[in-house]
Amino acid sequence: MRFRKMYLPRLLATAVLFCICTAPVLAQTDFDTYFETKSLRFDFALSGNAFTQSAALQQLREEPVWGGPVKNLIDTFEYGGYYVKAFDRETGNLIYSRGFNTLFEEWRTTDQAQTETQSWTNSISIPYPKKAIVLELLARDRSTNLFATLTRLDVDPKSIYIDRSPLKNLTVEKIRYKGDPAGKVDLVFVPEGYTAAEMEKFGRDAARFADALFDTPPYDTRQDEFNIWAVHLLSEESGVDVSGKGIFKNTALNAGFYTFGIERYLTTADMKSIRDAVWNVPCDAVFVLVNSEIYGGGGMYNFYAIGTADNPRTIRVFVHELGHSFAGLADEYFQSEVAYNDFYNLELEPWEPNITTLVDFASKWQDMLSPDTPVPTPAEAPFTDKTGVFEGGGYVAKGIYRPVDHCTMRDMAPFCPVCRRAILRMIDFVTDK
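Residues numbered from 1 in each chain as written. Predicted model: local features only at pLDDT ≥ 70, side-chain atom pairs only at ≥ 80, totals over all residues. Heavy atoms only, no water.

Brief notes about the sheet that holds strand 2 (residues 35-48)
Next up, step 1: Across the sheet, which stays open at both edges, the three strands sit in the order 3-2-6 with antiparallel pairing between neighbours. Looking at which strands have only one partner, the edges of the open sheet turn out to be strand 3 (53-63) and strand 6 (118-129). Going across the sheet, the axis of each strand differs from the next one's by a mean of 20 degrees, ignoring polarity.
Next up, step 2: As paired elements, strand 2 and strand 6 share twelve bridges and run antiparallel to each other. The partner of Leu40 across the bridge, within strand 6, is Ile126. (Pairing = 2+ DSSP bridges. Helix = DSSP H or I, 4+ residues; strand = E, 2+ residues; numbered from the N terminus. Axes fitted to C-alpha atoms, helices over the stretch in contact; angles between N-to-C directions.)

Quick look at the structure:
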């Protein structure tokens, strides 16, 4: 492993707090005034436990492609457990923002985080600035829904401490190409546990998954708004870690089952290797396609989604996990085993668009209810086939409500009207509509 000199952040002594639930909609930025069509990658460590966390810069990288929006640069969704913001240093104007989640955020709600302190590597990209900026990373406090600054640093885009070295030039396959990445959703499939001899299988698997996505409402109506890419990243061994059964593989992304001790939860903590794989590919969403027949997967908003290629239910898992990572959808199930403790504060409205505590239901799908629909809604005829407010979701049976009785985000039924609307809104945002 090569280590490079790092440009260390200037930490603020006082955290800046604000409630994004009441944040105003901000004017969008003129891309050409502030940015070049390439990326600034921000690799950082999140360290802490159940009670506290901090952040530190690991490296900044200049990368040759920006595939994200060029009009909708200011986040209007207010989704995610973290936020990255860029301010023009001269004027102080906010010129870019985006919310996201991390696996570290989930780990902090586990029993292990009650007694251990850990540090996890994370990575996020923004368009490359033309002039000096202030880069800010914020984290949401689950107890208040307020955001606090974790770290803030001055970035000179001409700095000698920004890594500009090229990474491995992997083969990139175009599965579907519908036009300029700046106006499309660029979905990138990255293989895990595929050897050199299995790259043809990976290409077929990625194409099969893309076809299945566009057979799924509401994606079926927006096929022309997606580019689909497949990056040929080789693993030394076929398959994936199954640590609970003593199986360990030498793979490119270090993914494995038994995340947080849950057998079906498939993830990788190695976000840096994912970003290294897509460094020269337009990228709005990443799906890590794992060469395995085992049931399982995972997904985090604006981070990545992951699932296996060959389980009979694998396509539905893919669509479900992409719902998390692309559209910010929450899990609606409440009877399955999870490792989390008090993942949602029932006294606050969750940020995800498809669950509610009724604290601020007007901000969710209240406008989609029929006048005769009771709130909460009983899971019985004649309401079970309608949009309502059904108790159970977000891993708990009481106090959180979902829009329909059955949906892709609960048990692999078709997406409900609320989730479909959320997906379409995200497609519109990413494609600059």
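Following the structure, the description resumes.
Remarks on the nonpolar core
Next up, step 1: With 70 residues, the main nonpolar core has Phe42, Leu60, Leu135 and Tyr304 as its most contacted residues.
Next up, step 2: When residues in this core are grouped by element, the largest group, five residues, is from strand 2.
Next up, step 3: Aside from chain neighbours lying at most four places away, what touches Leu135 is Phe42, Leu60, Val84, Lys85, Ala86, Ile126, Thr151, Arg152, Leu153 and Val155.
Next up, step 4: Ranked by size, the runner-up nonpolar core spans 49 residues in total, among them Leu213, Tyr301, Cys416 and Met426. (Core = buried A, V, L, I, M, F, W, Y, C linked by side-chain atoms within 4.5 Å. Buried < 20%, exposed > 50% of the residue type's maximum accessible area, 1.4 Å probe, protein only. Contact = heavy atoms within 4.5 Å.)

Observations regarding empty space enclosed by the protein
Next up, step 1: Applying the stated criterion across every chain yields a total of two cavities of 30 Å³ or more.
Next up, step 2: In this structure, the largest cavity is lined by 26 residues; those nearest its centre are Trp66, Ser125, Arg275, Cys283 and Asp284.
Next up, step 3: Among the secondary structure elements, those contributing two or more residues to the lining of the largest cavity are strand 5 (94-100), strand 6, helix 4 (271-277) and strand 14 (285-290).
Next up, step 4: There is about 40 Å³ of room inside the second largest cavity.
Next up, step 5: As for the second largest cavity, its lining consists of Leu103, Phe104, Trp120, Thr121, Asn122, Thr268, Ala269, Asp270, Met271, Phe303 and Tyr304.
Next up, step 6: Of the residues forming the lining of the second largest cavity, the biggest block, three residues, is contributed by strand 6.
Next up, step 7: Classifying every residue of the lining of the second largest cavity gives seven nonpolar, three polar and one charged. (1 Å grid on protein atoms, 1.4 Å probe; cavity = no way out; pocket = protein on both sides within 12 Å on 5 of 7 lines; lining within 4 Å. Points joined across faces, edges and corners; volume = space filled by probe spheres on them. Nonpolar A, V, L, I, M, F, W, Y, C, P; charged D, E, K, R; others polar.)

Focus: the sheet that holds strand 10 (residues 185-192)
Next up, step 1: The strand order across the open sheet built from six strands is 9-11-10-14-16-15, with neighbouring strands paired in mixed fashion. Unpaired on one side and paired on the other, strand 9 (172-176) and strand 15 (297-300) mark the two borders of the sheet. Neighbour-to-neighbour, the strand axes of this sheet turn through a mean angle of 20 degrees, independent of strand direction.
Next up, step 2: Relative to strand 14, strand 10 is paired through six bridges, and the arrangement is parallel. Of the residues in strand 14, the one forming a bridge with Leu187 is Ala285.
Next up, step 3: Strand contacts of helix 3 (residues 199-213): strand 9, strand 10, strand 11 (226-231), strand 14 and strand 16 (304-308), with the helix running at about 140 degrees to strand 10, the strand carrying the most contacts.
Next up, step 4: Sheet strands touched by helix 5 (residues 314-327): strand 10, strand 14, strand 15 and strand 16. Its angle to strand 15, the strand with the most contacts, is close to 20 degrees.

Details of the state of the cysteines
Next up, step 1: Inspection of every chain in the model, using the stated rule, returns zero disulfides.
Next up, step 2: The thiol of Cys419 is not disulfide-bonded; the next cysteine sulfur, from Cys416, is found 3.7 Å away. (Disulfide = S-S within 2.5 Å.)

Some details on helix 3
Next up, step 1: Its 15 residues place the ends of helix 3 21 Å apart at the C-alpha level, agreeing with the 21 Å of an ideal helix rising 1.5 Å per residue.
Next up, step 2: Buried residues of helix 3: Met199, Phe202, Gly203, Asp205, Ala206, Phe209, Ala210, Ala212 and Leu213, and no others. (Expected span 1.5 Å × (residues − 1).)

Digging into the packing of helix 3 against helix 5
Next up, step 1: Where helix 3 contacts helix 5, the axes come no closer than 10 Å and their chain directions differ by 70 degrees. Classified by the angle their axes make, helix 3 and helix 5 are roughly perpendicular. Remark: the crossing between helix 3 and helix 5 carries right-handed chirality. Residues Arg208, Phe209, Ala212 and Leu213 of helix 3 pack against Thr314, Ile315, Phe318 and Leu322 of helix 5.
Next up, step 2: Looking at the contact of helix 3 with helix 5 residue by residue, the class counts come to six nonpolar, one polar and one charged. (Parallel < 35°, antiparallel > 145°, perpendicular 65-115°, else oblique. Left-handed = near helix turned anticlockwise from the far one by under 90°.)

Observations concerning the pattern of salt bridges
It is possible for side chains bearing opposite charge to pair when their charged atoms get close.
Next up, step 1: Counted under the stated rule, the structure contains 28 salt bridges.
Next up, step 2: For Arg421, the salt bridge is made with Asp367, and the minimal N-O distance between the two is 2.7 Å. Highlighted residues: Arg421 in helix 7 (residues 417-430) and Asp367 in the loop between helix 5 and strand 17 (390-393), separated in sequence by 54 residues.
Next up, step 3: Relative accessible area serves as the criterion here: at 56%, Asp367 is assigned to the exposed category.
Next up, step 4: For Asp405, the salt bridge is made with Arg410, and the minimal N-O distance between the two is 3.2 Å.
Next up, step 5: When its relative accessible area of 19% is taken as the criterion, Arg410 is described as buried. (Salt bridge = Lys/Arg side-chain N within 4 Å of Asp/Glu carboxyl O.)

A few points about the side chain of Asp43
Next up, step 1: Within the fold, Asp43 resides in strand 2.
Next up, step 2: At 2.9 Å, the side chain of Asp43 and the side chain of Gln59 are in polar contact.
Next up, step 3: At 2.6 Å, the side chain of Asp43 forms a polar contact with the side chain of Ser123. (Polar contact = N/O pair within 3.5 Å; in protein donor to acceptor, adjacent residues only side chain to side chain.)

What to know about the packing of aromatic side chains
Next up, step 1: One pass over the structure, following the stated rule, counts 36 aromatic pairs.
Next up, step 2: Ring plane angle 25 degrees and centroid distance 6.1 Å describe the contact between Phe303 and Tyr304, whose orientation is recorded as stacked.
Next up, step 3: On the basis of relative accessible area, Phe303 is assigned to the buried category, the value being 5%.
Next up, step 4: Overall, the relative accessible area of 0% leaves Tyr304 in the buried class.
Next up, step 5: Between the aromatic rings of Tyr340 and Phe343, the centroid separation amounts to 4.7 Å while the plane-to-plane angle is 40 degrees, which identifies the pairing as tilted.
Next up, step 6: You can call Tyr340 buried: its relative accessible area is 14%.
Next up, step 7: Judged by its relative accessible area of 14%, Phe343 falls in the buried class.
Next up, step 8: Ring pairs connect the aromatic residues Phe260, Tyr265, Tyr333, Tyr340, Phe343, Tyr344 and Tyr395, which therefore count as one cluster.
Next up, step 9: Residue placement shows Lys38 over the ring face of Tyr128; its charged tip is 5.0 Å from the ring centre.
Next up, step 10: The positively charged end of Arg152 is found above the aromatic ring belonging to Phe87, 5.3 Å away from the centroid. (Phe/Tyr/Trp six-rings, centres within 6.5 Å; stacked < 30°, edge-to-face > 60°. Lys NZ or Arg CZ within 6 Å of the ring centre and 35° of its normal.)

Remember that the coordinates give geometry; whether it matters functionally is a separate question.
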